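Structural overview
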Amino acid sequence: MIKLLNLILNENMKIYRRIRTWILVGLVLIVEGLAFWIYNESGGQPYDHTLWGGVLFMSNLTIAALFATIIIAADSVAGEFSGGTIKLLLIRPATRTKILLSKYLSVFGFLLFLFVILFVTSFIVSGLMYGFGSTTELYSYMGKGNVTHHISLASQTFRSYGFSCILIVIIISLCFMVSSVFRSSAIAITISIVLFFAGAIIGGIISQFKWAKYYLFSNVDLQIYLTDQIPIPGSGMTLTFSIIVLLVYFIIFNGLSWFVFKKRDVAS
């Protein structure tokens, strides 16, 4: 455990001492600032321009955090090979499994860091702009049986962060796998971003086939089940089914990353 913690500490030092990392953090904050300007000029919902209304709107920017983390994840393994530092890393008295795990956990540590920044800054800015007082407005959505459900804006905000994490974990795991297999940051970034944008489009194209329900991006939006809908009408998909499919993809991505990294000949 001590060796793993030291490896994680070492990986975090690699991440946060690079100027590129702080440029990415700065870009995320710039995007957040632009989003706040757009939000302040818009409206339409009863809870708009309130403390938690602003924080809820900003939860959509987890996509910006995803893109920044993809860049870090893509370089985590591939950068070691391209930079020739992998040999120095592997002479440490630690197994390749622990080395890979430390990189994986450090990447998600960076993602959590971005999430905290997004939440704290959006909370502070929303509070300064609209007041820190609580709001009586509720978030409403249509659930099973066409029953309207009402929950607090704070609850919906945390739920939004939680559901977005599902897609993010899968995409980052995919990026990590591609980075390990191809040893190329560019390929890992390209494939991850392209699939993120094209995944839903591809899902719509293949939805007519029975096997489409096993497609990754047909299952990532678990929040749809709360509104008494299913990703592919008539497919018989359920929340449990989608969770199992996502777990299978998660295991495949990380299992392949581990297998390739463990068997990789560093001299090749």
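Everything discussed here concerns the structure shown above.
Report follows, based on the coordinates.

Conventions and cut-offs
- Residues numbered from 1 in each chain as written.
- Predicted model: local features only at pLDDT ≥ 70, side-chain atom pairs only at ≥ 80, totals over all residues.
- Heavy atoms only, no water.
- Core = buried A, V, L, I, M, F, W, Y, C linked by side-chain atoms within 4.5 Å.
- Buried < 20%, exposed > 50% of the residue type's maximum accessible area, 1.4 Å probe, protein only.
- Helix = DSSP H or I, 4+ residues; strand = E, 2+ residues; numbered from the N terminus.
- Contact = heavy atoms within 4.5 Å.
- Polar contact = N/O pair within 3.5 Å; in protein donor to acceptor, adjacent residues only side chain to side chain.
- Axes fitted to C-alpha atoms, helices over the stretch in contact; angles between N-to-C directions.
- Left-handed = near helix turned anticlockwise from the far one by under 90°.
- Nonpolar A, V, L, I, M, F, W, Y, C, P; charged D, E, K, R; others polar.
- Phe/Tyr/Trp six-rings, centres within 6.5 Å; stacked < 30°, edge-to-face > 60°.
- Salt bridge = Lys/Arg side-chain N within 4 Å of Asp/Glu carboxyl O.
- Expected span 1.5 Å × (residues − 1).
- Bend = angle between axes of the 7 residues up to and from the residue.

It is characteristic of soluble globular proteins that their nonpolar side chains tend to be buried jointly. Membership of the largest hydrophobic core comes to 61 residues, with the highest contact counts inside it found for Leu-66, Phe-110, Ile-172, Phe-176, Leu-216 and Phe-261. Elements represented by at least two residues in this core include exactly helix 1 (2-16), helix 2 (19-41), helix 4 (62-82), helix 6 (96-130), helix 7 (153-182), helix 8 (185-206) and helix 9 (239-263). It is helix 6 that provides the largest number of residues to this core, a total of 11 residues. Contact partners of Leu-66, with chain neighbours within four places excluded, come to Ile-168, Ile-171, Ile-172 and Phe-196.

Bringing unusual backbone geometry into the picture now. One non-glycine residue, Arg-183, adopts positive backbone phi at about 55°. Topologically, Arg-183 is positioned in the loop between helix 7 and helix 8. Residue classification places Arg-183 among the partly exposed residues on the basis of a relative accessible area of 27%.

Right, let's talk about the side chain of Ser-102 for a bit. Assignment of secondary structure puts Ser-102 in helix 6. Looking at Ser-102, its side chain comes within polar contact range of the main-chain oxygen of Ile-99, at 2.6 Å. Look past the residues within four positions of Ser-102 in its chain and what remains in contact with it is Leu-4, Leu-7, Ile-8 and Glu-11.

At a minimum axis separation of 11 Å, helix 6 and helix 7 run at an interaxial angle of 145°. Here the hand of the crossing between helix 6 and helix 7 comes out right-handed. In contact with Leu-100, Lys-103, Tyr-104, Val-107, Phe-108, Leu-111, Phe-115, Leu-118 and Phe-119 of helix 6, helix 7 contributes Thr-157, Phe-158, Tyr-161, Ser-164, Cys-165, Ile-168, Val-169, Ile-172, Ser-173, Phe-176 and Ser-180. For the contact of helix 6 with helix 7, a count of residues per class yields 15 nonpolar, 4 polar and 1 charged.

Here the focus is the packing of aromatic side chains. Following the criterion strictly, the structure yields 24 aromatic pairs and no others. An angle of 70° between the planes, with centres 5.5 Å apart, marks the rings of Phe-115 and Tyr-161 as edge-to-face. Residue Phe-115 is located in helix 6, and its partner Tyr-161 is located in helix 7; the two are separated by 46 residues in the primary sequence. Taking relative accessible area as the criterion, Phe-115 reaches 9% and is therefore assigned buried. For Tyr-161, a relative accessible area of 9% translates into the label buried.

Before going further, it helps to spend a moment on the pattern of salt bridges. Two side chains bearing opposite charge may form a pair once their charged atoms approach each other closely. In total, this model carries 4 salt bridges according to the counting rule given. Across the salt bridge formed by Lys-14 and Glu-11, the nearest N and O atoms sit 3.4 Å from each other. You can see Lys-14 and its partner Glu-11 sitting in helix 1, 3 residues apart, about one turn around the helix. With its nearest N and O atoms 3.4 Å apart, the salt bridge here joins Asp-75 to Arg-20. Here the residue Asp-75 occupies a position in helix 4, and Arg-20 occupies one in helix 2, the gap between them amounting to 55 residues. One salt-bridge network, in which partners are shared between bridges, spans Glu-11, Lys-14 and Lys-103.

Before going further, it helps to spend a moment on helix 8. Between its terminal C-alpha atoms helix 8 stretches 29 Å, which fits the 32 Å expected from 22 residues at 1.5 Å a residue. If you look at helix 8, its biggest bend is around 45°, right at Ala-198. Buried within helix 8 are the following residues: Ala-188, Ser-192, Phe-196, Gly-199, Gly-203 and Ile-206. Residues of helix 8 that are buried in the fold lie against helix 4 and helix 7.

As far as function goes, none of this settles anything; it's purely spatial.
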